[in-house]
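One-letter residues, chain by chain:
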Amino acid sequence: MHPMLTTAIKAARRAGNIINRGARDLDLLTVSTKGPKDFVSEIDRAAEAAIVETLLGTYPDHAILAEEGTAKGENEASEHVWIIDPLDGTTNFLHGFPQYCVSIALAHRGVVTQGVIYDPVRNDLFTCSRGRGAYLNDRRIRVSARRDLAECL
């Protein structure tokens, strides 16, 4: 496994722990509105901070493009940019609907080379590295061979 992917997994799991703790106390969360049906909670911000701290702790010269703006403007000339959505599905999360995840990708010179999607509710970890395929919990996953959409789920 690529070392940068390993770091992204560590960051995603740290964020997932924050999200799971927050899910237990939804009624106590501070929530702001960014736009119509676009919310941000203190959990989004705390999860993002944990991700950024983990990534920059290992790769301090990398740039960050994060939904809530953590570390914005740092290392702008870097060839490596981490793209982060700390709580993808905030509206679902805030309504207690367990369909949300942590999303982290790494772009090198504008090409995405690593990706992690972590579902903290199910503890499902999706990973991919450019040229090496995609995995769900260390099991290789592939695109279906079906050609007719009516046969798909």
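Further up the page is the structure itself.
A. Broad picture of the overall build of the chain. Along its length, the chain carries three helices and nine strands. Each helix and strand of the chain, ordered N terminal to C terminal, gives the series α-β-β-α-β-β-α-β-β-β-β-β. With 153 residues in all, the chain has 39% of them scored as buried.

B. Broad picture of the pairing of strand β8 (residues 133-136). One ladder, built from four bridges, connects strand β7 (residues 124-129) with β8; its direction is antiparallel. In the strand pairing of β8, C128 is matched with A134. Counting the residues that bridge the hairpin from β7 to β8 gives three residues, and of these G131 lies at a positive phi of roughly 85°. Pairing geometry for β8 and strand β9 (residues 139-141), over three bridges, is antiparallel. Among the inter-strand pairings, Y135 is bridged to a residue of β9, identified as R140.

C. Quick look at the side chain of T127. Positionally, T127 belongs in strand β7. Here T127 is in contact with L5, I9, G115, V116, G133, A134 and Y135, once residues within four sequence places are set aside.

D. Expanded view of the side chain of S129. Note on placement: S129 falls in strand β7. Judged by its relative accessible area of 11%, S129 is buried. Beyond its immediate sequence surroundings of up to four residues, S129 is in contact with H2, L5, T113 and Q114.

E. Structural view of helix α2 (residues 42-58). For α2, spanning 17 residues, the distance from its first C-alpha to its last is 25 Å, which sits close to the expected 24 Å at 1.5 Å a residue. Every buried residue of α2 is listed here: I43, D44, A47, E48, A50, I51, V52, T54, L55 and L56.

F. Structural context of the packing of helix α1 (residues 3-23) against α2. In contact at an axis separation of 9 Å, α1 and α2 are set at 160° when each is read in the N-to-C sense. Viewed along their axes, α1 and α2 adopt a mutual orientation that is roughly antiparallel. For the pair α1 and α2, the sense of crossing is right-handed. Along the contact surface, α1 presents T7, A8, K10, A11, R14, A15, I18, I19 and G22, while α2 presents I43, A46, A47, A50, I51, E53, T54, L55 and T58. Classifying every residue of the contact of α1 with α2 by side-chain character gives eleven nonpolar, four polar and three charged.

G. Looking closely at unusual backbone geometry. If you check the backbone angles, R109 has positive phi at about 55° while not being a glycine. Relative to the assigned elements, R109 resides in the loop between β5 (101-108) and β6 (111-119). Non-glycine residue N137 carries a positive phi angle of around 50°. Taking relative accessible area as the criterion, N137 reaches 37% and is therefore assigned partly exposed.

H. Region of interest: the sheet that holds strand β4 (residues 80-88). Taken together, seven strands build an open sheet; the order of strands is β3-β4-β5-β6-β7-β8-β9 and the sheet is mixed. Sheet topology places β3 (63-66) and β9 at the edges, where each strand pairs with a single neighbour. Across the sheet, the mean angle from the axis of one strand to that of its neighbour is 20°, orientation sign disregarded. As judged from the six bridges shared by β6 and β7, these two strands associate in the antiparallel manner. The residue bridging I117 from the neighbouring strand is F126, located in β7. Packed onto the sheet, α1 meets β4, β5, β6 and β7 and runs at close to 30° relative to β6.

Criteria and thresholds
Residues numbered from 1 in each chain as written. Predicted model: local features only at pLDDT ≥ 70, side-chain atom pairs only at ≥ 80, totals over all residues. Heavy atoms only, no water. Helix = DSSP H or I, 4+ residues; strand = E, 2+ residues; numbered from the N terminus. Buried < 20%, exposed > 50% of the residue type's maximum accessible area, 1.4 Å probe, protein only. Pairing = 2+ DSSP bridges. Contact = heavy atoms within 4.5 Å. Expected span 1.5 Å × (residues − 1). Axes fitted to C-alpha atoms, helices over the stretch in contact; angles between N-to-C directions. Parallel < 35°, antiparallel > 145°, perpendicular 65-115°, else oblique. Left-handed = near helix turned anticlockwise from the far one by under 90°. Nonpolar A, V, L, I, M, F, W, Y, C, P; charged D, E, K, R; others polar.

Function cannot be inferred from these measures alone, as they are strictly geometric.
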